[in-house]
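Single-letter residue listing:
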Amino acid sequence: MQKKEYSIEVGGKTLTALFTDWAQRANGSVIMRYGNTAVLITAVMGGEKTGLGYFPLSVEYEEKFYAAGQILGSRFMRREGRPSDEAILSGRIIDRTIRPLFEQHIRREIQVIATVLSTEEDDADVLGVIGASLALGTSNIPWRGPVSAVRIGRVAESESFIINPTYKDRDDDRSVLDVLACGKDGLINMIEVAAKEVGEDELGRALERAVEEHNKLQTWQQNIITEIGKKKVEIPKPQLVATIPEAFAPFVQKLTDAIFAGPGKDNIDAVKAEWSAFVKTLEGTNPSDADDYFEHCVDEIVHREALENGRRPDNRKFDEIRPLFAQAGGISEIIHGTGIFYRGDTHIFSALTLGGPSDAQLLDTIEYPETHKRFMHHYNFPPFSVGETGKVGGTNRRMVGHGALAEKALRAVIPDKNTFPYTIRIVSETLSSNGSSSMGSVCASTLALMDAGVPITAPVAGIAMGLMMDEKSYKVLTDIQGPEDHHGDMDFKVAGTRTGVTGVQMDVKVNGIPVPILREAFAQAQKARFEILEVLRSAISIPRSDISPRAPKIITMKVKVEQIGLVIGPGGKMINGIKERTGVEEITIEDDGTVFITGKNGAAEKAHKEIYDLTREYSAGEKFEGEVTRLLDFGAFVKIGPNTEGLVHVSEIAPFRIEKVSDAVQIGEVVPVIIKEIDEKGRYNLSIKAADPAFAERKGLKTNHGPRPSKEQSE
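Bear in mind the structure is a predicted one, so any value in this text is a computation, not a measurement.

A short note on the packing of helix H1 (residues 85–98) against helix H8 (residues 397–411)
And then number 1: The contact between H1 and H8 brings their axes to 10 Å, and the two run at 95 degrees. As summarised for this structure, H1 and H8 are arranged roughly perpendicular, according to the angle between their axes. Within the contact between the two elements, H1 uses Asp85, Ile88, Leu89 and Arg92 and H8 uses Arg397, Arg398, Val400, Gly401, His402 and Ala404.
And then number 2: Of the residues that constitute the contact of H1 with H8, the class distribution is four nonpolar, two polar and four charged.

Written as structure tokens, this is what we have:
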């Protein structure tokens with residue numbers, strides 16, 4: 001086996017790139033190692049695809065169960081199936097980082113595959129980005145790399161940044177900030193952020209720290225590529241037929257008028273249809289080339305008007321948001337919580353469902369073996385939302401990515417399990433889309449959470465920022481839509497509360513963005529976020545005081561760890577009996593003795609009482625109504641709890657002498673008792689006369705005898 005190894009220290013650990021002949025048929029390949037995490041990344045370029053109107057790049061991220069040293073999957077399927085959401089998101093990170101660095105005129109298929117070989121405490125997605133950069137950079141595939149990736153984290157107990165924090169550092173209980181930033185040449189070209197209301201200034205400093213690490217990694221990669229990189233294949237840009245620009249000249253003004261005729265793409269599509277029809281009359285003109293030129297002209301007009309004339313397609317100011325509308329509830333009594341949010345032509349409906357602890361999602365992946373997820377946000381994007389027909393049902397990578405972004409933004413304000421033990425699922429339906437439906441989902445979901453009575457710590461709003469730039473100038477745009485979204489240079493989504501940022505995602509169509517421009521975008525996004533939060537507050541100012549009567553009720557209680565077996569019973573007999581008698585939906589007991597009881601229509605309260613009575617500790621002076629279970633010559637045993645009974649000595653039945661216990665009480669009779677004492681052996685001594693002095697007289701017994709000897713005297 002041939003191999004060549006290169007190493008560099010990052011975040012106190014050794015990052016190693018191992019080049020071997022493992023995948024010798026690939027154009028480029030590398031094995032990346034960091035700690036005990038290793039990833040094989042391959043890059044292959046196929047043949048040319050004619051007739052395509054786009055660059056055919058695909059990125060796959062493969063998680064293998066053996067990488068975790070475990071046999072995972074379901075009981076019936078012990079091999080890898082469809083990629084997990086985590087794998088899809090990691091693949092999207094690599095794709096969004098490397099895609100802008102290709103010449104978009106390429107029509108040869110290029111595929112990058114990252115295969116996780118082993119994983120422990122370090123996330124493999126950072127290795128996937130760097131590995132893709134090295135696999136492409138050392139191959140003969142034309143590409144404008146290298147590009148680098150690093151995580152910048154911070155935990156609650158420290159003010160210092162952590163380079164490439166581990167899974168433990170990124171745990172929800174510890175992590176305050178988790179930034180994944182990619183870039184080259186001092187620029188940032190991809191961002192993913194999860195934060196707990198972190199200020200924009202701290203995020204700026206985190207990105208500046210990321211650039212420092214990028215610069216080290218870039219020099220390291222460039223040295224490797226210089227030493228072992230292959231000569232790049234030349235794929236010349238297709239020469240435009242000279243007649244196309246000339247023929248399009250009469251359409252330029254029409255296109256400009258269409259772009260600035262208002263929101264939506266109908267006007268632009270109408271000009272494009274007219275242009276396409278005209279192209280068919282031109283001999284020797286490739287329709288695909290004509291379409292590409294049309295898109296080039298839209299891009300050029302949108303940039304020129306923004307940078308030179310300060311003009312946006314719908315004539316808004318650069319920091320102006322489109323009209324807003326918010327509604328909490330009012331859709332259906334069946335749904336536990338709903339929210340509707342409009343921002344211009346982007347309309348989102350979010351529906352929330354509450355469930356018990358057992359409704360939590362079980363994550364059984366190489367990253368999260370046997371972990372429960374109690375907050376879920378899912379995002380749907382039906383074709384009618386953009387006025388098109390198409391496949392309905394299922395999910396795609398975009399839906400998974402947008403849903404995960406909104407979930408990340410909202411997770412920071414979800415109450416912990418002890419405060420609100422419910423499992424929460426939100427589904428955001430995109431009803432109409434014209435710019436940043438993911439951030440619209442954050443806003444609609446905030447409304448649904450508050451409508452459902454979930455005690456979130458603060459409302460969250462999101463906004464998408466854009467950028468138009470050239471070599472000389474730039475403009476940051478608030479609330480991008482239509483041509484700004486499609487032809488702009490940056491899609492910068494920022495979500496957060498009034499206190500700080502909770503989630504960020506950025507994609508670019510250029511090599512990257514300088515940190516000072518990102519700082520400006522953060523500031524402009526904050527202004528927009530505060531404006532949106534005011535609109536949300538006008539719809540619902542605080543979470544409703546009660547959850548929906550349609551939602552199950554959850555009662556939380558605590559038992560001693562040594563009492564867990566008592567509640568469960570042999571083979572689950574006790575807990576199953578409680579469920580059957582009370583009609584409760586579920587009873588969940590955790591290792592620390594916390595019990596969650598979920599039920600409707602009073603069932604939870606009934607089950608709570610049974611478990612309370614089963615595990616309660618009694619004290620002298622407590623009064624009960626108990627059933628007589630046994631009669632003896634010297635007294636009666638009375639049941640005061642499911643597994644607890646005590647003795648009423650004959651002297652404690654009445655304040656006068658009684659000859660026979662059976663004269664006063666019978667087996668099965670319910671009598672009032674009070675705990676007189678609990679002796680050193682834990683036996684309960686009860687008294688009827690202390691609980692009800694007139695009990696015996698009501699039974700027809702009379703004081704015709706002398707005083708009865710007390711229990712102590714009789715003993």
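On we go from here.
Considerations on the sheet that holds strand E12 (residues 337–343)
And then number 1: In space, the five strands of this open sheet follow the order E11-E12-E13-E17-E16, with mixed pairing throughout. On the outer flanks of this sheet lie strand E11 (324–328) and strand E16 (375–380), each paired with one strand and no other. Neighbour-to-neighbour, the strand axes of this sheet turn through a mean angle of 15 degrees, independent of strand direction.
And then number 2: Relative to strand E17 (residues 423–432), E16 runs parallel, the two sharing six bridges. In the sheet register, Asn380 faces E17, and the bridge partner there is Glu429.
And then number 3: On the sheet, helix H9 (residues 437–451) packs against E11, E12, strand E13 (346–355), E16 and E17 and is oriented at approximately 145 degrees with respect to E12.

Focus on helix H6 (residues 266–279)
And then number 1: Look at H6: 20 Å from first C-alpha to last across 14 residues, which is about the 20 Å you get at 1.5 Å a residue.
And then number 2: Where H6 is concerned, the buried positions are Ile268, Val271, Trp275 and Val279. In a view along the axis of H6, the buried residues occupy a sector of 80 degrees, so they form one face of it.
And then number 3: Where H6 is buried, its residues meet helix H4 (243–248), helix H5 (252–259), helix H7 (287–309) and helix H10 (482–487).

Comments concerning the pairing of E12
And then number 1: Most of E12 sits inside the fold, with six of its seven residues counted as buried.
And then number 2: Judged from the five bridges that link them, E11 and E12 form a sheet pairing that is antiparallel. Paired with Gln327 across the strands is Ile340, a residue of E12.
And then number 3: When E12 meets E13, the two strands line up antiparallel, connected through seven bridges. Its bridge partner being in E13, Arg343 is matched across the sheet by Thr346.
And then number 4: Adjacent in sequence and paired antiparallel, E12 and E13 are bridged by two residues, among which Gly344 carries a positive phi angle near 60 degrees.

Structural notes on the nonpolar core
Considering soluble globular proteins, one finds that nonpolar side chains tend to be buried as a cluster.
And then number 1: Among the nonpolar cores identified, the biggest contains 126 residues, and Leu15, Met32, Ile98, Phe102, Trp220, Ile424 and Phe492 are the most heavily contacted of them.
And then number 2: For this core, the leading source of residues is helix H11 (residues 515–539), giving 10 residues.
And then number 3: Not counting residues up to four positions away in its chain, the partners in contact with Phe102 are Phe55, Leu57, Ile110, Leu136, Ile141, Pro142, Trp143 and Arg144.
And then number 4: Counting residues in each nonpolar core, the second largest holds 26 residues, with Ile259, Cys297, Ile301 and Phe318 among its members.

Observations regarding the packing of aromatic side chains
And then number 1: Here the structure, examined in full by the defined rule, presents 16 aromatic pairs.
And then number 2: Between Phe55 and Phe102, the ring centres sit 5.0 Å apart and the planes meet at 40 degrees, which makes this aromatic pair tilted. Linking Phe55 in the loop between strand E4 (37–48) and strand E5 (57–63) with Phe102 in the loop between H1 and strand E6 (108–118), this pair joins segments that are 47 residues apart in sequence. Assigned by exposure class, Phe55 and Phe102 land together as buried.
And then number 3: Note on Phe248 and Tyr293: the rings are 5.6 Å apart at their centroids and 85 degrees apart in plane angle, and the pair reads as edge-to-face. Pair noted here: Phe248 is in helix H4 and Tyr293 is in helix H7, with a separation of 45 residues, a long-range link. Both residues of the pair, Phe248 and Tyr293, belong to the buried class.
And then number 4: Among the aromatic residues, ring-to-ring pairing joins Phe248, Phe251, Trp275, Phe278, Tyr293 and Phe294 into one connected group.
And then number 5: One cation-aromatic arrangement involves Arg498 over Phe530; the distance from NZ or CZ to the ring centre is 4.5 Å.
And then number 6: Across the ring face of Phe637, the terminal group of Arg630 is positioned such that the distance to the ring centre comes to 4.0 Å.

Reading the values: rules and limits
Residues numbered from 1 in each chain as written. Predicted model: local features only at pLDDT ≥ 70, side-chain atom pairs only at ≥ 80, totals over all residues. Heavy atoms only, no water. Axes fitted to C-alpha atoms, helices over the stretch in contact; angles between N-to-C directions. Helix = DSSP H or I, 4+ residues; strand = E, 2+ residues; numbered from the N terminus. Parallel < 35°, antiparallel > 145°, perpendicular 65-115°, else oblique. Contact = heavy atoms within 4.5 Å. Nonpolar A, V, L, I, M, F, W, Y, C, P; charged D, E, K, R; others polar. Pairing = 2+ DSSP bridges. Expected span 1.5 Å × (residues − 1). Buried < 20%, exposed > 50% of the residue type's maximum accessible area, 1.4 Å probe, protein only. Arc of directions from axis to C-beta. Core = buried A, V, L, I, M, F, W, Y, C linked by side-chain atoms within 4.5 Å. Phe/Tyr/Trp six-rings, centres within 6.5 Å; stacked < 30°, edge-to-face > 60°. Lys NZ or Arg CZ within 6 Å of the ring centre and 35° of its normal.

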